[in-house]
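Breakdown of the fold
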Amino acid sequence: GASGSIVFDDPKPFETTAPAATEHQFLTPENQATEPPATTVPPETTVPPVTEPPAPTWDTSPNVLDIDFDALIAAEDSKAVKEVHQYFAGRTPSNKNAKTGMFEGSNLILITAEAFSHLAVSEELTPNLYMMMNEGFRFTNYYVPDWGVSTTDGEYAHLTGTIPKDGVWSFKRSANNLMPLTMNQQLLKLGYNSYAYHGHTYTYYSRDKYLTNLGYNYKGLGNGLEVTKQWPESDVEVVDLSTADFVGNEPFSVYYMSISGHREFTFGGNYIASKNKEHVADLPYSSNVRAYLATQLELEHSMGLLLQRLEEAGVLDNTVIVLTADHYPNGLTPEEMGELLGHTPEGNFEIYRNGCIIWKSGMTPETIDEPMSHLDLLPTVSNLFGLEFDSRLYMGRDVFSDAEPLVMFRNRSWITADARYNSQTGKAEFFSGAESASYVKAINSEVGNRFAVSVRILDHDYWRLLFGEET
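Residues numbered from 1 in each chain as written. Predicted model: local features only at pLDDT ≥ 70, side-chain atom pairs only at ≥ 80, totals over all residues. Heavy atoms only, no water.

Some remarks on the overall build of the protein chain
Counting secondary structure elements, the protein chain contains 15 helices and 15 strands. Expressed as a percentage of its 471 residues, the buried residues of the protein chain come to 52%. A fraction of 74% describes how many contacts in the protein chain between residues 6 or more apart in sequence connect residues 24 or more apart. (Helix = DSSP H or I, 4+ residues; strand = E, 2+ residues; numbered from the N terminus. Buried < 20%, exposed > 50% of the residue type's maximum accessible area, 1.4 Å probe, protein only. Contact = heavy atoms within 4.5 Å.)

This is how it looks when you write it as structure tokens:
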């Protein structure tokens, strides 16, 4: 399975049968040690009555679409496509839950933030980012794997919920594919107005093609977003020049791919680092680390301006902001990252640990400790918006659902709620309970399946085959 071939084992091999309910013993005249005198009233029982747990007050039906996989399998001639049909048909969908529709009807702003890390966030230095990370959903075990083609692969995982194909420009290759499962395509069907922005050259990485293919009205440098040409450009300028497009055009679906956090992290060759140098001058870190923090300050300031514009327009309270990194700060060495972390990060898992924002003004903060990655954002946000989607079709999961966590890395290492497996050493570490070779084998098989299926989705324009041109 870990080799990438599709293996059709039990697609949910780790479900166990719930233990039988314990039979309660009630105090009855028949099982008392002595029968009470006939002239007295029997004593009241002290055993509480059996009560059923209250039924959920929300819909718990599966998050699925009406897809006849049996008919598709029977009609398909391509072995590769047929196997993808079979894989999805065999997956257990996750169910709707208490968070389904929590943000229904809200505006949405998605942000892929260049080299963002929770290590750059503090109440003193970045109060806006700190506020959103701590007053929204707080994800304590969140990962952003590095997929190899750096920024654009991070975008691809975030926006499509699919693993990038190794060694190719997956988002560029998807530009002619049907992409109906993305948040923007789903929201377009509900009448949302859509916009996307990037502060660097608009054609870079073919963003003009793949973001347009997702239905966004896209602007970048040279295509209607005339930011000052520097390296890197300013996220503050991007926000300043873009908010007039969508504020007042609710409901809106907006995407920002930031630029200001780009390496190299030096004060000599990085305009943004130099611009914000004075704000980090007294911090107790090496020059490169201070330069990195200076670049992230531009993201912080852009978020402050964005929140201000939304509030002034009276739409902040109905706008959801979702922010994730494209990759970890790979312009820093592990030792330099360790200056912020307090120790040099372990290189197979910990270096990819990161922060994530899902925030709406006035929401009740909630902490999520289960492992998750940016592949989980699309199904999670789809559920929060109450969209009709099929949970079987994503490589991640709705983190508020009953689906089991699975974080996957480029080298096929993985983390679940029960264990983590290092593919480089072949060793698994179990968090609790007895070690299980069969568990490791089954998860390795599932990871291999998801990698292989993701490749076929891209190479075969699979969503067009599944849903047809009418989508």
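Focus on the pairing of strand E15 (residues 427-430)
When strand E14 (residues 419-422) meets E15, the two strands line up antiparallel, connected through four bridges. Residue arginine 420 lies in a different strand from E15, and its bridge partner there is glutamate 429. Where E14 folds back onto E15 in an antiparallel hairpin, the turn is made up of four residues, including glycine 426, whose phi is positive at roughly 75°. (Pairing = 2+ DSSP bridges.)

Quick look at helix H3 (residues 127-135)
All of the buried residues along H3 are Leu129, Met131, Met132 and Met133. On its buried side, H3 packs onto strand E2 (137-139), helix H11 (287-312), strand E7 (319-325) and strand E9 (357-360).

Comments concerning the pattern of salt bridges
Scanning the model with the defined rule gives 17 salt bridges in all. Linking arginine 410 and aspartate 166 is a salt bridge whose minimum nitrogen-to-oxygen distance equals 2.8 Å. In this pair, arginine 410 is assigned in the loop between strand E12 (407-408) and strand E13 (414-415) and aspartate 166 in the loop between helix H4 (150-160) and helix H5 (170-173), connecting sequence segments 244 residues apart. Of the residues examined, arginine 410 reaches a relative accessible area of 42% and is grouped as partly exposed. Where arginine 173 meets aspartate 459, a salt bridge forms, and the shortest distance between an N and an O atom there is 3.7 Å. Note that arginine 173 is positioned in helix H5 and aspartate 459 in helix H14 (residues 437-459), a separation of 286 residues in sequence. Relative accessible area serves as the criterion here: at 38%, aspartate 459 is assigned to the partly exposed category. Put simply, Lys79, Glu83 and Arg456 are held in one network by salt bridges that share partners. (Salt bridge = Lys/Arg side-chain N within 4 Å of Asp/Glu carboxyl O.)

Quick notes on the packing of aromatic side chains
This structure, assessed with the given rule, holds 29 aromatic pairs. For the pair tyrosine 204 and tyrosine 205, a centre-to-centre distance of 4.7 Å together with 55° between the ring planes defines the contact as tilted. Each ring, one from tyrosine 328 and one from tyrosine 352, has its centre 5.5 Å from the other, and the planes form 85°; the classification is edge-to-face. Taken together, the positions of tyrosine 328 in the loop between E7 and helix H12 (334-341) and tyrosine 352 in the loop between H12 and strand E8 (353-354) put the pair 24 residues apart, joining distant regions of the chain. Residue class for tyrosine 328 comes out buried when judged on its relative accessible area of 14%. What makes tyrosine 352 buried here is its relative accessible area of 18%. Among the aromatic side chains, those forming a connected cluster through ring pairs are Phe103, Phe137, Phe139, Tyr142, Phe385 and Phe400. The cationic tip of lysine 277 hangs over the ring face of phenylalanine 267; the distance from NZ or CZ to the ring centre is 5.1 Å. (Phe/Tyr/Trp six-rings, centres within 6.5 Å; stacked < 30°, edge-to-face > 60°. Lys NZ or Arg CZ within 6 Å of the ring centre and 35° of its normal.)

Overview of the packing of H3 against H11
Where H3 meets H11, the axes come as close as 7 Å, and the angle between the chain directions of the two elements is 70°. If you check the angle between H3 and H11, you find them roughly perpendicular. On H11, the residues that touch Pro127, Asn128, Leu129, Met131 and Met132 of H3 are Leu299, Glu300, Met303, Gly304 and Leu307. For the contact of H3 with H11, the class distribution of residues is seven nonpolar, two polar and one charged. (Axes fitted to C-alpha atoms, helices over the stretch in contact; angles between N-to-C directions. Parallel < 35°, antiparallel > 145°, perpendicular 65-115°, else oblique. Nonpolar A, V, L, I, M, F, W, Y, C, P; charged D, E, K, R; others polar.)

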